[in-house]
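Residue-level structure breakdown
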Amino acid sequence: LAPGEALLKVQRASKNFGGLVAVNEVTFEVAAGEIVALIGPNGAGKSTLFNLITGVLPLTRGEVWFRGDRIDALPTHGLVERGIARTFQHVILQPDMSVLENVAVGAYHRTTAGALASMFRLDRRQEERLLREAQYQLEQVDLAAEADVAAGNLPLGKQRVLEIARALAADPLILLLDEPAAGLRFQEKQALADVLRSLRAEGISVLIVEHDMDFVMNLVDRLVVLDHGERIAAGTPLEIQNDPTVIEAYLGG
Ligand code: ADP
Ligand code: MG
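Owing to the predicted nature of the structure, the values given are computational and were not obtained by experimental measurement.

**Points about the sheet that holds strand β8 (residues 205-210)**
The strands that make up a sheet pair up through hydrogen bonds in the backbone, lying either parallel or antiparallel. The sheet built from six strands is open, its strands ordered β6-β7-β8-β3-β9-β10 with mixed pairing. The sheet is open, and its two borders are formed by β6 (84-86) and β10 (230-235), each paired with just one other strand. Within the sheet, the average angular offset between the axes of one strand and its neighbour, ignoring direction, is 15°. Pairing of strand β3 (residues 35-39) with strand β9 (residues 222-227) involves four bridges; the strand directions are parallel. Directly across from leucine 38, in β9, lies its bridge partner valine 224. Those strands touched by helix α9 (residues 244-252) are β9 and β10, and its axis lies near 130° from that of β10.

**Here we look at the sheet that holds strand β2 (residues 20-30)**
What the four strands build is an open sheet, ordered β2-β1-β4-β5; its pairing is antiparallel. The sheet is open, and its two borders are formed by β2 and β5 (69-70), each paired with just one other strand. Where strand β1 (residues 8-17) meets strand β4 (residues 61-66), five bridges bridge the pair, whose relative direction is antiparallel. Residue pairing across strands places valine 10 opposite valine 64, the latter belonging to β4.

**With respect to the domain arrangement of the chain**
According to the domain assignment, the chain consists of domain 1 (1-83 + 173-253) and domain 2 (93-171). Domain 1 and domain 2 are separated by 26 Å when their C-alpha centres are compared. Every contact between the two is made by eleven residues of domain 1 and, on the other side, twelve residues of domain 2. A total of four residues in the side of domain 1 that touches domain 2 trace back to one element, the largest contributor, which is helix α6 (residues 186-201). Residue composition of the side of domain 1 that touches domain 2, grouped by class: seven nonpolar, two polar and two charged.

**So, the site of ligand 1**
Looking at ligand 1, the residues that line it are Phe17, Leu20, Ala22, Gly40, Asn42, Gly43, Ala44, Gly45, Lys46, Ser47 and Thr48. Every element with two or more residues in the shell around ligand 1 is listed here: β2 and α1 (46-53). When residues of the shell around ligand 1 are assigned to their parent elements, the largest contribution, three residues, is made by α1. For the shell around ligand 1, the class distribution of residues is four nonpolar, six polar and one charged.

**As for the pairing of β2**
Where β1 lies against β2, seven bridges are found, and the strand directions are antiparallel. Considered in β2, the bridge of leucine 8 is made with valine 30. The turn linking β1 back onto β2 is made up of two residues, and glycine 18 within it adopts a positive phi angle of 60°.

**Description of unusual backbone geometry**
Of note in the backbone geometry, arginine 12 takes a positive phi value of approximately 50° without being a glycine. Inspection of the secondary structure puts arginine 12 in strand β1. For alanine 73, which is not glycine, the phi dihedral falls at a positive 75°. Mapped onto the elements of the fold, alanine 73 is located in the loop between β5 and α2 (76-82). Residue alanine 73 is classed as exposed on the basis of its C-beta count, with 12 C-beta atoms lying within 10 Å.

**With respect to the environment of threonine 54**
Mapped onto the elements, threonine 54 comes out in the loop between α1 and β4. The buried category is assigned to threonine 54, around which 21 C-beta atoms lie within 10 Å. Separated by ten residues in the primary sequence, threonine 54 and valine 64 place their C-alpha atoms 9.3 Å from one another. Residue contacts for threonine 54: discarding those within four places in its chain leaves Leu79, Arg86 and Leu176.

Rules and cut-offs
- Residues numbered from 1 in each chain as written.
- Chains lettered and ligands numbered in written order.
- Predicted model: local features only at pLDDT ≥ 70, side-chain atom pairs only at ≥ 80, totals over all residues.
- Pairing = 2+ DSSP bridges.
- Helix = DSSP H or I, 4+ residues; strand = E, 2+ residues; numbered from the N terminus.
- Axes fitted to C-alpha atoms, helices over the stretch in contact; angles between N-to-C directions.
- Contact = placed C-beta atoms within 7 Å.
- Domains from an automatic or database assignment.
- Nonpolar A, V, L, I, M, F, W, Y, C, P; charged D, E, K, R; others polar.
- Near = placed C-beta within 6 Å.
- Buried ≥ 20, exposed ≤ 12 C-beta atoms within 10 Å, placed from the backbone.

Written out as structure tokens, the structure reads:
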């Protein structure tokens, strides 16, 4: 990767659903160690674009590049191998397993990439290594004190952070999050933002799809604004806050 070259490049990404143009020729980049938000009113095309980037949906036109490789249409394990981790809009945890075990399972899936083997077939030494790594991930996101709690008993805000810890077990260069702050209380949003800032400080890039403007404004380096599938603005939080086109899109519905 050349110095200053973007990590993730989305080039003229487009998606049609029948006659509906959900995403139209959207271009943007995410650099190493940068937090970028993709924002816009409901129906703007945010989740569709997220799904195009993560290979969940095929592009109608356009390309997605990561560190010099085309990544659109790669299977999930291909993304994980290249250093791309994502979480899902609905939290998917093993509610009866401990917080620590949930992260260890994430690390285990990384090492075996879709094999049929189960956690129970690990030898003692492998298991201890996974649990040690998981403990480290929990410390990174400030969840070490809850290591032994059943994941299902955590409040929602901490479940979201646990999802991130589990994604970190894959040792990603970039983390992709779809509406991570949805449904969280104010303090939980603050704690989540702190976790994302600490990841950035370690050089991990973050791309957040978010409806909640307040959450992203104090967190991200840059924003890309979508409306009716089009990129209508891009810039720093200050630039976006004062952009009449963006204000119009949010107010005009
Ligand atoms: P956002 O996440 O910004 O709220 P979406 O990406 O979910 O927006 O939706 C963008 C547009 O595409 C909307 O008009 C939505 O109804 C439409 N859409 C999304 N997914 C599908 C689908 N699978 N089939 C048909 N239309 C879809
Ligand atoms: Mg959405």
